[in-house]
Amino acid sequence: MTVERIFDELGHFNRFQACLYFAAVFQAIACGIHYLASVFLVETPNFVCSVPGNITDVLYGNLTGSSLEDFMPVFKSKTGPLVVRTAEGEQWELSRCRCALRINPKEFTYDFDGNKTVKTCDGNFVYDHSEVYQSIVTDWDLVCEKEWLAKLCQPTFMLGVLIGALVFGDIADRVGRVRILMFTSLCQFGLGVTVAFSGNYYFFMVVRFLLAMVSSGYLVVVFVYVTEFTGIKVRTWTSMHVHAAFAVGIMVVALTGYLVRVWWIYQIILSICTSPFLLFCWKFPETPFYLMAKGHYKEAQTLLDTIARFNGLECRLKAEELLEPEDRENGRALLEQEAEEQPSQTEKKLSIVDLFGSWRMAGRTCTVWAIWFIGSLGYYVFSLGSVNLGGNQYINLFLAGAVELPSYLVGCFAMDRIGRKKTCAPALLLAGVACMLIIVVPADIEALAIALCMTGKFAIAIAFGLIYLYTCELYPTIIRSLAVGSGSMMCRVGSVVAPFCVYLADVWIYLPQVHVLLWLVP
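Residues numbered from 1 in each chain as written. Predicted model: local features only at pLDDT ≥ 70, side-chain atom pairs only at ≥ 80, totals over all residues. Heavy atoms only, no water.

**Describing the pattern of salt bridges**
In step 1: Evaluated as defined, the whole model comprises seven salt bridges.
In step 2: In this structure, Glu131 engages Arg261 in a salt bridge whose closest nitrogen and oxygen atoms are separated by 3.6 Å. With Glu131 in the loop between strand 8 (125-127) and helix 4 (136-140) and Arg261 in the loop between helix 10 (242-259) and helix 11 (263-272), this residue pair connects regions lying 130 residues apart in the sequence.
In step 3: Taking relative accessible area as the criterion, Arg261 reaches 24% and is therefore assigned partly exposed.
In step 4: A salt bridge links Arg177 to Glu228, with the shortest nitrogen-to-oxygen separation between them at 2.7 Å. Here the residue Arg177 occupies a position in helix 7 (residues 177-196), and Glu228 occupies one in helix 8 (residues 201-229), the gap between them amounting to 51 residues.
In step 5: For Glu228, a relative accessible area of 0% translates into the label buried. (Salt bridge = Lys/Arg side-chain N within 4 Å of Asp/Glu carboxyl O. Helix = DSSP H or I, 4+ residues; strand = E, 2+ residues; numbered from the N terminus. Buried < 20%, exposed > 50% of the residue type's maximum accessible area, 1.4 Å probe, protein only.)

**With respect to the packing of helix 8 against helix 10**
In step 1: Their axes nearest at 10 Å, the elements helix 8 and helix 10 cross at an angle of 145 degrees. Here Leu219, Val222, Phe223 and Val226 of helix 8 come into contact with helix 10, specifically with Val242, His243 and Phe246.
In step 2: The class makeup of the residues in the contact of helix 8 with helix 10 is six nonpolar, one polar and no charged. (Axes fitted to C-alpha atoms, helices over the stretch in contact; angles between N-to-C directions. Contact = heavy atoms within 4.5 Å. Nonpolar A, V, L, I, M, F, W, Y, C, P; charged D, E, K, R; others polar.)

**Brief notes about the state of the cysteines**
In step 1: Inspection of every chain in the model, using the stated rule, returns two disulfides.
In step 2: Residue Cys49 pairs covalently with Cys121 via a disulfide, S to S 1.8 Å. Here Cys121 lies in the loop between strand 7 (116-120) and strand 8 and Cys49 lies in strand 1 (residues 47-49), a separation of 72 residues in the sequence.
In step 3: What makes Cys49 buried here is its relative accessible area of 0%.
In step 4: Owing to a relative accessible area of 10%, Cys121 belongs among the buried residues under this scheme. (Disulfide = S-S within 2.5 Å.)

Just geometry here; none of it tells us what the structure is for.
Next up, the structure:
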């Protein structure tokens, strides 16, 4: 007899589990929001170097005007500079990161063959506010020699996600799932709002780093939490659709980014989207798996009675009956599902070394970590890179989230019918094929490139969603959170690399997909 008998007696996904599941998954929307929020937080609009003095005339090719702002929507640095004349009679040629003062010009014309004094911008820039009214780039002038600071925002966030996944996964196995869920959800709200009131770049980065840690911590632990509260008959569906909440978060980012073009208002709105969760998360019970593993039989019995009463059933289960005979003699709750695994002391201090306790376990861990890394790399390259494919960037990002919803339905049906392995391998193969096809698409066929990108996202989402559930099923309860946390750590290594892959689009728009393909081929 095992703890899994709970679900045979009280229901695999009855009223109690359903209410708890949807409440816990609701907060996962915030994780998707914060992970992708930087897409528009650090958006760089068109800009040009400014000059001292009042500008009276502007030339750009055959166009004339009197204000730099009027030319920002059409200005392209590769086609030539903007030529301006100030009230003092000076003539300047302006590009993005430098300006040139014409020496003794005779006439005010676009072309000039005389001498010029070239210098870099001294921090004064004019931005195009037609698309982005205010971002951290425009507030803190993160362009030209400071451009790398803006590009460091997403990798730094993902580094925080990496650390948070390992730290909170470990702590959850020690202090319980519920305490971590409450702590991380409260911190998500508090730190998310604090980001909006950042007075400078460095404070912004520190708070975002902490926000990344708690967001990752919640996402790691909520997977374990819903897995331990739902029966094996529905576990594929419930665990996979936690990712659907994450995808909804991506869609919320796209919609909010389209409606709100001021970064700090945008950040506040995103942070309060899931705040109602804070009103009832403190009522969450600890999972029966954890209570039994730690030997808290009385609390486990109380929980069983509560579940039965809420589901309208009579509880005939006793906590002690869920233990193996030898475990009852020793007073320990052992929840290993695999016969070959040796039971460990519940009070033993756990560490990542326990994931390599045997050759079989070590091989399993290495394989799982590799899929975590590849899945994450592809997932975030397709997501972050969708805004660079042309067309409307807000629609592209929205589609990148929306396409995940059917992918999880397909993934669940496939896993139930052909198994985990036979679902994961074709999904990774399809993602690789999509990457190859994107590479050969002509640059002027934007619709086809976007369609292939969404196909790749659809495929990689199946593999990425599957590995969470697969990891939970491969490891015993006592180290399950640690296994998911360490796997998520490897996943975040991929997510740290992903933004740098996306930046390769500055060299060639499809170079990020080439990078993903190189990882998928092995």
